[in-house]
Amino acid sequence: MSTMVEARGVTKAYGHVPVLRGVDLVVSQGEVTCLIGPSGSGKSTFLRCINHLEKHDAGELRVEGELVGYRLQNGKLYEQSDKQICGERANIGMVFQRFNLFQHLTVLDNLTIGQMKVKGVKEDVAVKSARELLARVGLDAKERNYPAQLSGGQQQRVAIARALAMEPRLMLFDEPTSALDPELVGEVLDVMRDLAKSGMTMIVVTHEMGFAREVANSVYFLDQGIIEESGTPAEVLGNPRTERLRNFLSKVL
Amino acid sequence: MSKDQQSEVEVVPVRHVGQWVGAAVVLVAIAMVVHTLFSKVPLQSGLNKCVTTAGKRVCHPILIWRFQWNTVGQYLFSSEVLRGVILTLELTAVAMVIGIVLGVIIAVMRLSSNRLLAAPAWVYTWFFRGTPVYVQLFFWFNIGLLYKRFTLGVPFLHVTFFSTSTNVITGVWAAILGLGLNEAAYMSEIARAGIISVDEGQTEAATSLGMTKGQTLRLVVLPQAMRVIIPPTGNEVISMLKTTSLAASIAVIELFGAVQNIWANNFKTLSLIVVACLWYLFMTTVMSIGQFYIERHFARGALRSPPMTPIQRLRKDLRTLGGRARNTRVTS
């Protein structure tokens, strides 16, 4: 299996506060990777570095073998232009904690706008694939609704469909169920489970240990900007080696 | 309602004495306003009209409308006034277009992380908000004292594409420039507030889909900012409609200029002021109605159900009234 994401010593600081202090991580194609850890550990920041929503300060971050946000030439890193980075981002889907659906557009328009404006897909083609995706997340009846008229779980399923509409090769999930009422978490996890089964490469920042245990191929535990432990779910969640991870698991399980 | 239901327990609502007193005062005030608007006064003291009927001479003062409604009616639709109304609307439209386009550009500059873009935007707003628009109109009207020619070319090099005398700045052009540039300063603040009001998550989501900064602004941020931008912009349009009257002082024959010209000839000052007021009121009323529907359009998605239009509300009221009437018929 080829490598989808590769991070080597990725660091990042906000001002003088270090958030990532050398993160190493490898994700192969078709794998589901869960990032767990206490809040403020840098999970979300790391995820956002992968599609260059945040710039990392140092270290190497490659998606499909290509450096994110930079071009290596003659031993120097050249920052890429806005346009070039945009092209790369279109191949990476992202799902946010707060859904971030476009409030002024209907559900259907939320799914077609990226295809049409970024990838230049014709409207009828975009609408067709949008309807297929909405059916896949079980919301084909809601295409004329505005996001504010949907429940949190429905909004998050639309957000996943919106990301999928771009036909990404990698999906990033930033705590996709943290803003949901407990009874709505299941429907979103179901969609993510199906997505994983279909062979999508996924990196998921989550507090849902059940999901991680069941779906993930590997789990990384981040604490204070460092990967403390990593391995299969059985190893990391079932047999924690460090005191910190034991502490963390005792709080979230 | 049947008799035994009534006899159960009677509910006595609280009496709002203050409200009744207030309502009475307001009613008297309304009566006074209506009375003075439609009362008649003697044309001139001591000037009487006498009629002799059956050998008896009866004299009474000549009465005219206090507000000279007949003169108002005479000039309300005169061609000079109508031409003024059209010019007022044209000035408002052109100045607002300049104000909105330039205002949005300045707002985006102001929000740029590049200081070289943000600082001039701040200075622009500082200058145009800090000087009276009336004074600015005179500045543009007299720009010829400062520059003899307008030239389009390459700065600091002797390359000229186009050049013309500043005499082309007539009153109308000075008014368009003055009102438009001044409006841009106010519109930029309104647009900036609107852009800031859009959740940052919207920008992140657009970015993660691969949209460029320009696309994000155009397709995602500005349409949502509109909901916040439209109501104060409506106020600005209405305000601009009235502010165009200042242009009368730089030889622009818009509505107020037109009525001034008329009263300079016939001295019917008050009637013509009333003519102008009626037209301004009519135009601002139409604009307020338009504003309601535009606001409703841009609120889509932000509210679960859009506010009812007055027509819808009237229909609903009638329906409930009808429903109540039917119900009483059924029970009685």
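About the criteria used
Residues numbered from 1 in each chain as written. Chains lettered and ligands numbered in written order. Predicted model: local features only at pLDDT ≥ 70, side-chain atom pairs only at ≥ 80, totals over all residues. Heavy atoms only, no water. Axes fitted to C-alpha atoms, helices over the stretch in contact; angles between N-to-C directions. Helix = DSSP H or I, 4+ residues; strand = E, 2+ residues; numbered from the N terminus. Parallel < 35°, antiparallel > 145°, perpendicular 65-115°, else oblique. Left-handed = near helix turned anticlockwise from the far one by under 90°. Nonpolar A, V, L, I, M, F, W, Y, C, P; charged D, E, K, R; others polar. Pairing = 2+ DSSP bridges. Patch = residues over 30% accessible without salt bridge, like charges linked within 9 Å, V, L, I, M, F, W, Y side chains within 5 Å. Areas by Shrake-Rupley, 256 points an atom, 1.4 Å probe, with all protein chains shown as cover. Salt bridge = Lys/Arg side-chain N within 4 Å of Asp/Glu carboxyl O. Buried < 20%, exposed > 50% of the residue type's maximum accessible area, 1.4 Å probe, protein only. 1 Å grid on protein atoms, 1.4 Å probe; cavity = no way out; pocket = protein on both sides within 12 Å on 5 of 7 lines; lining within 4 Å. Points joined across faces, edges and corners; volume = space filled by probe spheres on them. Disulfide = S-S within 2.5 Å. Contact = heavy atoms within 4.5 Å. Buried area = accessible area lost by both parts, 1.4 Å probe. Polar contact = N/O pair within 3.5 Å; in protein donor to acceptor, adjacent residues only side chain to side chain.

Undergrad: So what's going on with the packing of helix H4 (residues 79–110) of chain B against helix H7 (residues 171–197) of chain B? Which residues, and what values?
TA: Residues and elements named next belong to chain B. Look at H4 against H7: their axes get within 5 Å of each other, and the N-to-C directions meet at 40 degrees. Considering their axes alone, H4 and H7 lie oblique with respect to each other. Where H4 crosses over H7, the handedness of that crossing is right-handed. Its residues assigned to classes, the contact of H4 with H7 comprises 20 nonpolar, four polar and four charged.

Undergrad: Account for the pairing of strand E6 (residues 70–73) of chain A, with residues named and values stated.
TA: Residues and elements named next belong to chain A. Bridging between E6 and strand E7 (residues 76–79) involves four bridges; their strand directions are antiparallel. In the sheet register, Leu72 faces E7, and the bridge partner there is Leu77. In sequence, E6 turns back onto E7 through a hairpin of two residues, with Asn74 there showing a positive phi of about 50 degrees.

Undergrad: I'd love a proper account of a nonpolar patch on the surface, names of residues and values included.
TA: Residues and elements named next belong to chain B. Where nonpolar side chains cluster on the molecular surface, the patch consists of Leu152, Val154, Leu157, Val159, Phe161 and Phe162 and spans about 590 Å² of accessible area. Mapped by element, the contributors of at least two residues to the nonpolar patch are strand E5 (149–154) and strand E6 (159–165). Counting residues per element, the nonpolar patch draws most heavily on E6, at three residues. Summarising the element assignment, Val159 is placed in strand E6. Residue classification places Val159 among the partly exposed positions, given a relative accessible area of 35%.

Undergrad: Run through the layout of surface pockets, naming residues and quoting values.
TA: In this structure, the largest pocket encloses a volume near 1,000 Å³. For the largest pocket, the lining is made up of 30 residues, of which Ser113(B), Thr203(B), Thr207(B), Lys213(B) and Thr216(B) are closest to its centre. Contributions of two or more residues to the lining of the largest pocket are made by helix H2 (82–89) of chain A together with H7, helix H8 (200–208) and helix H9 (213–243) of chain B. Split into classes, the residues belonging to the lining of the largest pocket amount to 11 nonpolar, nine polar and 10 charged.

Undergrad: Talk me through the state of the cysteines; I want residue IDs and the actual numbers.
TA: A full pass over the atoms with the stated rule returns one disulfide over all chains. In this model, Cys50(B) is linked to Cys59(B) through a disulfide, with the two sulfur atoms separated by 1.8 Å. Here the disulfide of Cys50(B) and Cys59(B) is right-handed, its torsion about the S-S bond being about 110 degrees. You can call Cys59(B) partly exposed: its relative accessible area is 37%. Take Cys86(A): it sits in no disulfide, and the sulfur closest to it among the cysteines is that of Cys49(A), at 17 Å.

Undergrad: Residues and numbers for the interface of chain B and chain A, please.
TA: Buried accessible area, meaning the area lost when the parts come together, often serves as the stated size of an interface. The interface is formed by 21 residues belonging to chain B together with 25 residues belonging to chain A. When the two sides are added together, the surface that chain B and chain A hide from each other amounts to roughly 2,200 Å², 60% of it contributed by carbon and sulfur. Between the two partners, chain B and chain A, sit one salt bridge. Measuring nitrogen to oxygen at the nearest pair gives 2.7 Å for the salt bridge that ties Glu204(B) to Arg48(A). Remark: the boundary between chain B and chain A carries six residue pairs in polar contact (both at pLDDT 80 or more). At the level of elements, H8 and H9 of chain B are the ones that each hand at least two residues to the side of chain B that touches chain A. Considering every element that reaches the side of chain B that touches chain A, the biggest residue donor is H8(B), with seven residues. Each residue belonging to the side of chain B that touches chain A can be placed in one class, and the counts come to seven nonpolar, nine polar and five charged.

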